[in-house]
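Inside the fold
Chain by chain, the residues run as shown.
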Amino acid sequence: METRVDEIAERIYRLSTFLPTVGPKGFTFNQFLIDAEEPLLFHCGQRSLFSAVSAAVARVMDVTRLRWIAFSHIEADECGSLGEWLAAAPNATVTHGAIGCAIWLNDQAPRPPRALANDEVLDLGGRRVRRLDTPHVPHCWDAGLLHEEATGTLFTSDLFTHIGDPPALTDGDILGPAMAAEANFGYTALTPATGVTIRRLAALRPRTLAVMHGSSFSGDAAPVLESLARFYDDSLQRGVAARG
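Report on the accompanying structure. (Residues numbered from 1 in each chain as written. Predicted model: local features only at pLDDT ≥ 70, side-chain atom pairs only at ≥ 80, totals over all residues. Heavy atoms only, no water.)

Looking only at helices and strands, the protein chain features seven helices and 14 strands. In terms of C-alpha radius of gyration, the protein chain reaches 17 Å, essentially the compact-globule figure of 18 Å for 244 residues. With respect to the three principal axes, the spread of C-alpha positions in the protein chain is 55 × 35 × 30 Å. With 244 residues in all, the protein chain has 54% of them scored as buried. (Helix = DSSP H or I, 4+ residues; strand = E, 2+ residues; numbered from the N terminus. Rg over C-alpha atoms; globule rule 2.2 N^0.38 Å. Buried < 20%, exposed > 50% of the residue type's maximum accessible area, 1.4 Å probe, protein only.)

Take the state of the cysteines next. By the definition in use, this model includes zero disulfides. Between C101, a free cysteine, and C79, which holds the nearest cysteine sulfur, the sulfur-to-sulfur gap is 11 Å. Assessed through its relative accessible area of 3%, C101 is described here as buried. We note that C140 lacks a disulfide partner, and the nearest cysteine sulfur, in C79, lies 9.3 Å from it. (Disulfide = S-S within 2.5 Å.)

Glancing now at the packing of aromatic side chains. Per the counting criterion, the structure on display carries six aromatic pairs. Ring plane angle 65 degrees and centroid distance 5.8 Å describe the contact between F32 and F155, whose orientation is recorded as edge-to-face. Of this pair, F32 sits in strand β3 (residues 27–34) while F155 sits in strand β11 (residues 153–157); the two residues are 123 residues apart in sequence, bridging distant segments of the chain. F155 sits in the buried class, given a relative accessible area of 0%. With a centroid separation of 5.1 Å and 50 degrees between ring planes, the pair formed by F231 and Y232 is classed as tilted. Y232 shares its class with F231; the two are buried. Ring pairs connect the aromatic residues F27, F29 and F185, which therefore count as one cluster. Over the ring of W68 we find R67; its NZ or CZ atom is 4.5 Å from the centre of that ring. (Phe/Tyr/Trp six-rings, centres within 6.5 Å; stacked < 30°, edge-to-face > 60°. Lys NZ or Arg CZ within 6 Å of the ring centre and 35° of its normal.)

One open sheet holds the seven strands; their spatial order is β8-β9-β10-β11-β13-β14-β12, and the pairing between them is mixed. The open sheet terminates on both sides in strands that have one partner only, identified here as β8 (121–123) and β12 (169–170). Relative to strand β10 (residues 144–148), strand β9 (residues 128–133) runs antiparallel, the two sharing five bridges. Residue pairing for β10: V129 is matched across the bridge by E148. (Pairing = 2+ DSSP bridges.)

Glancing now at the nonpolar core. Counting 28 residues, the largest nonpolar core has L15, L66, I69, L82 and W85 as the members making the most contacts within it. For this core, the secondary-structure elements that each account for two or more residues are β2 (12–19), β3, α1 (50–58), α3 (82–88) and α4 (98–108). Of all the elements, α1 adds the most residues to this core, at four residues. When residues no more than four places from it in sequence are discounted, the contact partners of L66 are L33, P39, L40, L41, M61, W85, A89, N91 and A92. Core analysis: the next-biggest nonpolar cluster, separate from the first, contains 25 residues, L154, L209, V224 and Y232 among them. (Core = buried A, V, L, I, M, F, W, Y, C linked by side-chain atoms within 4.5 Å. Contact = heavy atoms within 4.5 Å.)

Structure representation (structure tokens):
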């Protein structure tokens with residue numbers, strides 16, 4: 001098992017492991033490393049991926065330099081190997097939203113977590129990431145995303161999930177493949193707030209979308225996010241209509 005490393009924005013690295021037996025055409029599991037004065041890893045990966053992913057990080061920097069670990073919500077591919085990462089990086093602190101800390105991290109993290117409020121900025125030294133609470137988007141009560149302000153990189157978690165082993169970065173269509181994956185897996189929690197939340201992300205006008213499963217996107221991402229919001233609004237309306 002090999003984890004590939006690609007720079008998708010300046011000093012932001014996609015760490016991608018392709019598992020061919022997951023889903024109909026295989027699946028990429030992607031973590032993202034922000035190399036700053038205080039480096040941050042977004043998503044840990046499953047415990048089974050720790051050796052491969054940590055070896056990939058070591059090709060960019062000394063793992064012990066890692067200062068922050070964050071993820072979008074509590075799920076194995078987001079934070080399953082958190083304990084292993086904290087052991088490998090003794091100066092690292094896990095950070096998450098207040099809800100995630102309250103329902104899991106305060107009890108389960110090997111070291112005390114740092115809770116970030118909605119819209120709070122974490123200064124990494126040369127880079128700033130803003131925490132955005134997104135409850136139930138894509139899923140889970142504790143969900144939240146990060147936006148790195150210097151490069152305009154939005155870490156989208158499971159939003160825009162698509163199957164297979166596509167290129168690390170594209171300026172092409174990621175919406176169509178994401179709609180197909182949604183039809184297959186139904187992974188997004190549809191509520192009246194889903195479209196509203198995604199439009200709030202579009203208002204940031206990100207220039208890179210760091211996608212957890214599939215290709216990351218480079219370009220004007222606001223229209224892509226607006227289209228995704230319309231897709232989920234329409235899906236919710238059809239679902240409600242079908243139930244009478």
